[in-house]
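Spelled out, the chains give:
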Amino acid sequence: MLTIVFRLINEDEEAQMCFVNAIKKKPNDEELAVKLFYEYVKSGNVKKQTIQADKLFKQFKKEEYMFWKLVSTVKIGYENNFYFRLAEGIIDKNKKILNFNSTESM
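Conventions we followed
Residues numbered from 1 in each chain as written. Predicted model: local features only at pLDDT ≥ 70, side-chain atom pairs only at ≥ 80, totals over all residues. Heavy atoms only, no water. Helix = DSSP H or I, 4+ residues; strand = E, 2+ residues; numbered from the N terminus. Buried < 20%, exposed > 50% of the residue type's maximum accessible area, 1.4 Å probe, protein only. Contact = heavy atoms within 4.5 Å. Areas by Shrake-Rupley, 256 points an atom, 1.4 Å probe, with all protein chains shown as cover. Core = buried A, V, L, I, M, F, W, Y, C linked by side-chain atoms within 4.5 Å.

Undergrad: Break down the overall build of the protein chain for me, citing the residues and quoting the values.
TA: The number of helices and strands found in the protein chain is six helices and zero strands. The proportion of buried residues among the 106 residues of the protein chain is 38%. When contacts within the protein chain are restricted to residue pairs at least 6 apart in sequence, those whose partners lie at least 24 apart make up 40%. Of the roughly 7,200 Å² of accessible surface on the protein chain, a fraction of 54% belongs to carbon and sulfur atoms.

As structure tokens, this is what we get:
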């Protein structure tokens, strides 16, 4: 609820800090970590959402988080072409994990 208030008064960073601080107290709470990712998406902070997606994948080992990282990296690629090559590397490195035939993980 508090994050909604912050968003309404254009304080996205405060909303994000709520989740960052909550995750420090509960580092294994997947729901909090996912909500932080969504906060980064809502604020348009693609670099932080990429980092958060990577943290989610490394900690919780779910295929969907690797897709989130990949999509976030591609989004950054529109600003800097280097990230398109990075996204390609993510695909190559994680071919066994990424199942492009599964809509569930996307």
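Undergrad: Describe the nonpolar core, naming the residues involved and giving the relevant values.
TA: With 19 residues, the main nonpolar core has Leu-36, Leu-56, Tyr-65 and Trp-68 as its most contacted residues. Of all the secondary structure elements, the ones that give two or more residues to this core are helix H2 (12-25), helix H3 (30-43), helix H4 (46-60), helix H5 (63-77) and helix H6 (82-93). Broken down by element, the residue count for this core peaks at six residues, all from H3. Contacts of Trp-68, omitting those with residues within four sequence positions, involve Val-34, Phe-37, Tyr-38, Ala-53 and Leu-56.

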